[in-house]
Amino acid sequence: SRSFGMAVFMTAGRAGYAIGPIVVAPVAVHFGPKYLLLLALPAVVISLAIQRNWKPVQPTQSWNGLREFLKPFRKNRRSLALLWILESLRTCVMVGLSSFLPLLMVEKGYALVPASASVSIFIGAGAVGSLIGGRLADRAGRRQILFITMILSIPLSYGFLWTKGPFPWIFLAALGLVSIATLGVTIALAQELVPKSAGTASSLMMGVTWTLGSSGILLIGAMADRIGLRSAMAILFLAWIPATIAA
């Protein structure tokens, strides 16, 4: 159940993103921004506990040189490249949308408080979707679920962008549920392609893609200043098309 295991891990992360603003704001208001560092203490304690009590499932692989290390990556370069492209595009849309989401909701006519809560709704729905997507991927097939979620993200994205009233909230929750559902699936697929270098495979899917995907915010912001935020988002959502092709 590798996909579901990764989904549990990713769900915790998504839940943290969703709950974070709710926890951070009262601390900043009542005690001051410098006390936000205290919120990192539980993570430090847990990290030390993991370091002390961790029992690896497999023994550490011995280093046999760079050529041997790169061999499985070269062998599976096409599949890894497609996964990497998909994850980079998805990350670009996710980070871009969540970053500008409150501003977009204000433009739609909502007050600032519910507009800010839209981020928690989007990422919170994604946390639930990760668990569902991980279980479905283990049962129905990872590639099938990956393709279905990518293609469904296209109409849900534009449905959110072009509707008013209660409908944007429905589309936003559905988009979070669907688009983030297979975050753990892509990582599980990458780990299975290069099982002896699962850590490196995970970093390619999580670290590198998030760095590149997040840098797209600069481009989106520049476009929004020129042609308007809603038009910039409409262009951003086109990224789902090559992501679907990669899937």
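Everything discussed here concerns the structure shown above.
Here's what I pulled together on the structure shown here. In this text, all values refer to a predicted model and were calculated from it rather than measured experimentally.

With that out of the way, let us pick up the overall build of the chain. A tally of regular secondary structure across the chain gives 11 helices and 0 strands. Relative to its length of 247 residues, the chain is compact, with a C-alpha radius of gyration of 19 Å against a globular reference of 18 Å. When the backbone C-alpha atoms are referred to their principal axes, the chain occupies close to 60 × 45 × 35 Å. The buried share of the chain, taken over its 247 residues, is 40%. The contacts in the chain between residues at least 6 apart in sequence include a share of 81% that link residues at least 24 apart. Of the roughly 13,800 Å² that the chain leaves accessible, carbon and sulfur atoms contribute 70%.

Throughout the structure, instances matching the rule amount to 4 aromatic pairs. Residues Tyr158 and Trp162 carry aromatic rings whose centres are separated by 4.9 Å and whose planes lie at 35° to one another, so their mutual orientation is tilted. Here the residue Tyr158 and the residue Trp162 both occupy positions in helix 6 (residues 142-162), the gap between them amounting to 4 residues, near one helical turn. Pairing Tyr158 with Phe237 gives two aromatic rings, centres 5.7 Å apart and planes at 85°, and the pair type is edge-to-face. On the criterion of sequence distance, the pair formed by Tyr158 in helix 6 and Phe237 in the loop between helix 10 (229-236) and helix 11 (240-246) is long-range, its members being 79 residues apart. Relative accessible area serves as the criterion here: at 0%, Phe237 is assigned to the buried category. By way of ring pairs, the aromatic residues Tyr158, Trp162 and Phe237 are connected into one cluster. Of note, Lys108 hangs over the ring of Phe160, and the distance from its end group to the ring centre comes to 5.4 Å.

When you line up the elements, Asp138 lands in helix 5 (residues 112-140). Distance in space between the C-alpha atoms of Asp138 and Ala7 is 11 Å, their sequence separation being 131 residues. What Asp138 contacts, discounting residues up to four positions off in sequence, is Ser1, Arg2, Ser3 and Phe4. In this structure the side chain of Asp138 is engaged in a polar contact, spanning 3.0 Å, whose partner is the side chain of Arg142.

Our next topic: the pattern of salt bridges. Tallying each qualifying case throughout the model produces 3 salt bridges. Notably, a salt bridge pairs Arg142 with Asp138, separated by 3.0 Å at the nearest N-O pair. A relative accessible area of 16% places Arg142 in the buried class. By relative accessible area, which is 25% here, Asp138 ends up partly exposed. The salt bridge partner of Glu192 is Arg142, with a shortest N-O separation of 2.5 Å. Here Glu192 is found in helix 8 (residues 183-193), whereas its partner Arg142 is found in helix 6, with 50 residues between them in sequence. Several salt bridges converge on common partners, so that one network encompasses Asp138, Arg142 and Glu192.

With that settled, the discussion passes to the packing of helix 9 (residues 198-227) against helix 10. Interhelical geometry of helix 9 versus helix 10 gives an angle of 135° and a closest axis separation of 7 Å. It follows from the interaxial angle that helix 9 and helix 10 lie oblique. In the packing of helix 9 onto helix 10, the handedness of the crossing is right-handed. In contact with Ile220, Met223, Ala224 and Ile227 of helix 9, helix 10 contributes Leu229, Ser231, Ala232, Met233, Ile235 and Leu236. Within the contact of helix 9 with helix 10, the residues separate by chemical class into 9 nonpolar, 1 polar and no charged.

This part takes up helix 5. Between the first and last C-alpha of helix 5 there are 41 Å, a value that for 29 residues agrees with the 42 Å anticipated at 1.5 Å per step. Two residues or fewer after helix 5 comes Gly141, characterised by a positive phi angle close to 115°.

Cut-offs used in this document
Residues numbered from 1 in each chain as written. Predicted model: local features only at pLDDT ≥ 70, side-chain atom pairs only at ≥ 80, totals over all residues. Heavy atoms only, no water. Helix = DSSP H or I, 4+ residues; strand = E, 2+ residues; numbered from the N terminus. Rg over C-alpha atoms; globule rule 2.2 N^0.38 Å. Buried < 20%, exposed > 50% of the residue type's maximum accessible area, 1.4 Å probe, protein only. Contact = heavy atoms within 4.5 Å. Areas by Shrake-Rupley, 256 points an atom, 1.4 Å probe, with all protein chains shown as cover. Phe/Tyr/Trp six-rings, centres within 6.5 Å; stacked < 30°, edge-to-face > 60°. Lys NZ or Arg CZ within 6 Å of the ring centre and 35° of its normal. Polar contact = N/O pair within 3.5 Å; in protein donor to acceptor, adjacent residues only side chain to side chain. Salt bridge = Lys/Arg side-chain N within 4 Å of Asp/Glu carboxyl O. Axes fitted to C-alpha atoms, helices over the stretch in contact; angles between N-to-C directions. Parallel < 35°, antiparallel > 145°, perpendicular 65-115°, else oblique. Left-handed = near helix turned anticlockwise from the far one by under 90°. Nonpolar A, V, L, I, M, F, W, Y, C, P; charged D, E, K, R; others polar. Expected span 1.5 Å × (residues − 1).

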